[in-house]
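Chain residues, written in single-letter form:
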Amino acid sequence: MKISMINYKSLLALLFILASWIIFTVFQNSTKVWSALNLSISLHYWNNSTKSLFPKTPLISLKPLTETELRIKEIIEKLDQQIPPRPFTHVNTTTSATHSTATILNPRDTYCRGDQLHILLEVRDHLGRRKQYGGDFLRARMSSPALMAGASGKVTDFNNGTYLVSFTLFWEGQVSLSLLLIHPSEGVSALWSARNQGYDRVIFTGQFVNGTSQVHSECGLILNTNAELCQYLDNRDQEGFYCVRPQHMPCAALTHMYSKNKKVSYLSKQEKSLFERSNVGVEIMEKFNTISVSKCNTLKSVDLHESGKLQHQLAVDLDRNINIQWQKYCYPLIGSMTYSVKEMEYLTRAIDRTGGEKNTVIVISLGQHFRPFPIDVFIRRALNVHKAIQHLLLRSPDTMVIIKTENIREMYNDAERFSDFHGYIQYLIIKDIFQDLSVSIIDAWDITIAYGTNNVHPPQHVVGNQINILLNYIC
């Protein structure tokens, strides 16, 4: 059913939370788009208080572990097992794209559309020695630039230095194959260890305003200071944010925020060498020729939803009484430009205020802004959102909920803070946490790999494709 054909006899609410929060509400005979809700809640649910916080005081007081804390602990322990320490004495003992070998297991002169193409990858170090363990961060992609087509491949790690790379041949023509070594397993281990050591890679500065007085103060998820702090706490969800309290200013006077990267690193000098530009995103299959794919006569089932060729022709007429509400999610929100925090609230609270019904669609995306912080921050937020959605679906089971995963981004931009490895771990966590709920997934991670964008803000045609898939779900 096309949106333009809908008979709007009842209220249609379209709610986006894409790193933010939006509502489209449509009223019969209305021709203007306007904001349905006045989000003046600010820090309504927050416990604003001041207290001295010492350097090693935990974010949450020491009590028996809650269900959420136990789940966080369980997920982190599972990840620790999947990403074991990989110390190395010299870069020559780490994985080398040049010395690794890729072999097509089912070579043919011509393949048929819908065939599976399998490649065996054996990784070696820079001295040509076979690696005995896995854990390398690899990215497989096939493409046909002339057709403007692309798709991701699947990488299976056997944890012994060998990998199986699988492609589904979705279209006919000449197809190029790519297998990138984004980070060697030793780099992956270093990033994982570094990520979970500190909350101070990003410095937040809060602006407090009281009458004509304006003061700036240091803020963060955790502050290593004995100074008196303003504590902006959500006690129910056990989330918090802190600012050093300015003199003669109430904590409620916080109005704006901006951030910048701090010159701090938890990587050793040797580990940093793995993230130099020449060592990131190195092509393993550089000498491979294109393969030829024909239509053939064999009938095969092909799921085009995994392909970058999806071009659904759907559109929305904003004159059709649709009302949009947008809201950014709460801390941590990274941005060098000053932004208002007057209407900041956690996604869980916004979801709690949503009645939901069959004409309500909620879309949630968490990811990029959490990458510079220890993984427990992201897991806690995802679990809290999961619980809020679970409650929403209990009271309004007809509500449509869609999870949009994050995009891949630039490969060479500050790996310790923003590497796609961090994003991939968050991608796996989201899929694990939400698997028990009746929600749909817009796999932006897979889509942006298929397009090969490597841009945190993909081009318009890529975003348009993601929106088309969203509309396809709705209609």
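What you see is a predicted model, and the numbers here were worked out from it, not measured in a lab.

(A) Representation of the overall build of the protein. A count of helices and strands for the protein gives nine helices and 23 strands. Considering the protein as a whole, with its 475 residues, one finds that 50% of them fall into the buried category. Sequence separation of at least 24 residues holds for 78% of the intrachain contacts in the protein that already meet a minimum separation of 6. When the accessible surface of the protein is summed, it comes to about 22900 Å², and 52% of that surface belongs to carbon and sulfur atoms.

(B) Representation of the state of the cysteines in the model. Within the structure shown, the criterion is met by three disulfides. At a sulfur-sulfur separation of 2.0 Å, the disulfide partner of C219 is C243. Looking along the S-S bond of the C219-C243 disulfide, the torsion reads about 105°, which is the right-handed sense. Here C219, found in strand 13 (residues 213-220), pairs with C243, found in strand 15 (residues 239-244); they are 24 residues apart in sequence, far enough to count as distant. One exposure class covers both C219 and C243, and it is buried. Taken in sequence order, the bonded cysteines of the protein link in the pattern 1-6, 2-4, 3-5.

(C) Structural view of the side chain of S419. Assignment of secondary structure puts S419 in the loop between helix 6 (415-418) and helix 7 (420-433). On the basis of relative accessible area, S419 is assigned to the buried category, the value being 5%. There is a polar contact of 2.8 Å between the side chain of S419 and the side chain of H183. Among the polar contacts made by the side chain of S419, one reaches the main-chain amide nitrogen of F421 at a distance of 3.0 Å. Excluding residues within four positions of it along the chain, S419 makes contact with H183, L191, R371 and D414.

(D) Layout of the pattern of salt bridges. Applying the stated rule across the entire model yields 21 salt bridges. A salt bridge links E74 to R71, with the shortest nitrogen-to-oxygen separation between them at 3.5 Å. Of this pair, E74 and R71 both sit in helix 1 (residues 67-82), separated by three residues, roughly a single helical turn. The partly exposed category is assigned to R71, whose relative accessible area is 24%. Among the salt bridges present, the one from D414 reaches R417, with a minimum N-O distance of 2.6 Å. Given the relative accessible area of 8%, R417 is considered buried.

(E) The packing of aromatic side chains, seen in detail. Taken as a whole, this structure holds ten aromatic pairs when the rule is applied. On the basis of an interplanar angle of 85° and a centroid distance of 5.5 Å, the ring pair of F204 and F241 is categorised as edge-to-face. Highlighted residues: F204 in strand 12 (residues 202-210) and F241 in strand 15, separated in sequence by 37 residues. Take F204 and F241: they sit in the same class, and that class is buried. Here the aromatic cluster, defined as three or more aromatic residues joined through ring pairs, consists of F137, F421, Y424, Y427 and W445. A cation sits over an aromatic face here: R86 above Y133, 4.0 Å from the ring centre. In this structure, R277 is placed above the aromatic ring of Y412, and the distance from its NZ or CZ to the ring centre is 4.0 Å.

(F) Helix 8 (residues 444-451), seen in detail. When you tally the buried positions in helix 8, you get eight out of eight residues, the bulk of the element. A444, W445, D446, I447, T448, I449, A450 and Y451 are the residues of helix 8 that are buried. As for helix 8, its buried residues are in contact with strand 7 (137-144), strand 8 (149-152), strand 22 (400-404), helix 7, strand 23 (440-442) and helix 9 (460-474). Of the residues one or two after helix 8, G452 is the one with positive phi, at around 65°.

(G) Structural view of the environment of P246. Looking at where P246 falls in the secondary structure, it is placed in the loop between strand 15 and strand 16 (254-261). Taking the C-alpha atoms as reference, P246 lies 10.0 Å from G206; in sequence the two are 40 residues apart. Setting aside anything within four residues of it in sequence, one finds P246 in contact with F208, V215 and S217.

(H) Looking closely at empty space enclosed by the protein. This structure, assessed with the given rule, holds one cavity of 30 Å³ or more. Empty space within the largest cavity amounts to approximately 40 Å³. R139, I182, H183, E410, M411, S419 and D420 are the residues that line the largest cavity. When the residues that make up the lining of the largest cavity are grouped by side-chain class, the tally is two nonpolar, two polar and three charged.

(I) Just the sheet that holds strand 9 (residues 154-157), in detail. Strand order in the open sheet formed by four strands is 4-6-10-9, with antiparallel pairing between adjacent strands. The two strands at the open ends of the sheet, each matched to only one other strand, are strand 4 (95-104) and strand 9. Neighbouring strand axes in the sheet, compared pairwise and without regard to direction, differ in orientation by 25° on average. Bridge count between strand 6 (residues 116-125) and strand 10 (residues 162-168): seven bridges; the pairing is antiparallel.

(J) Region of interest: helix 5 (residues 375-395). Between its first and last C-alpha atoms helix 5 spans 31 Å; for 21 residues at 1.5 Å apiece the expected length is 30 Å, and the two agree. Burial analysis of helix 5 places 15 of its 21 residues in the buried class, the great majority of the element.

Here is what the cut-offs are and how they apply
Residues numbered from 1 in each chain as written. Predicted model: local features only at pLDDT ≥ 70, side-chain atom pairs only at ≥ 80, totals over all residues. Heavy atoms only, no water. Helix = DSSP H or I, 4+ residues; strand = E, 2+ residues; numbered from the N terminus. Buried < 20%, exposed > 50% of the residue type's maximum accessible area, 1.4 Å probe, protein only. Contact = heavy atoms within 4.5 Å. Areas by Shrake-Rupley, 256 points an atom, 1.4 Å probe, with all protein chains shown as cover. Disulfide = S-S within 2.5 Å. Polar contact = N/O pair within 3.5 Å; in protein donor to acceptor, adjacent residues only side chain to side chain. Salt bridge = Lys/Arg side-chain N within 4 Å of Asp/Glu carboxyl O. Phe/Tyr/Trp six-rings, centres within 6.5 Å; stacked < 30°, edge-to-face > 60°. Lys NZ or Arg CZ within 6 Å of the ring centre and 35° of its normal. 1 Å grid on protein atoms, 1.4 Å probe; cavity = no way out; pocket = protein on both sides within 12 Å on 5 of 7 lines; lining within 4 Å. Points joined across faces, edges and corners; volume = space filled by probe spheres on them. Nonpolar A, V, L, I, M, F, W, Y, C, P; charged D, E, K, R; others polar. Pairing = 2+ DSSP bridges. Axes fitted to C-alpha atoms, helices over the stretch in contact; angles between N-to-C directions. Expected span 1.5 Å × (residues − 1).

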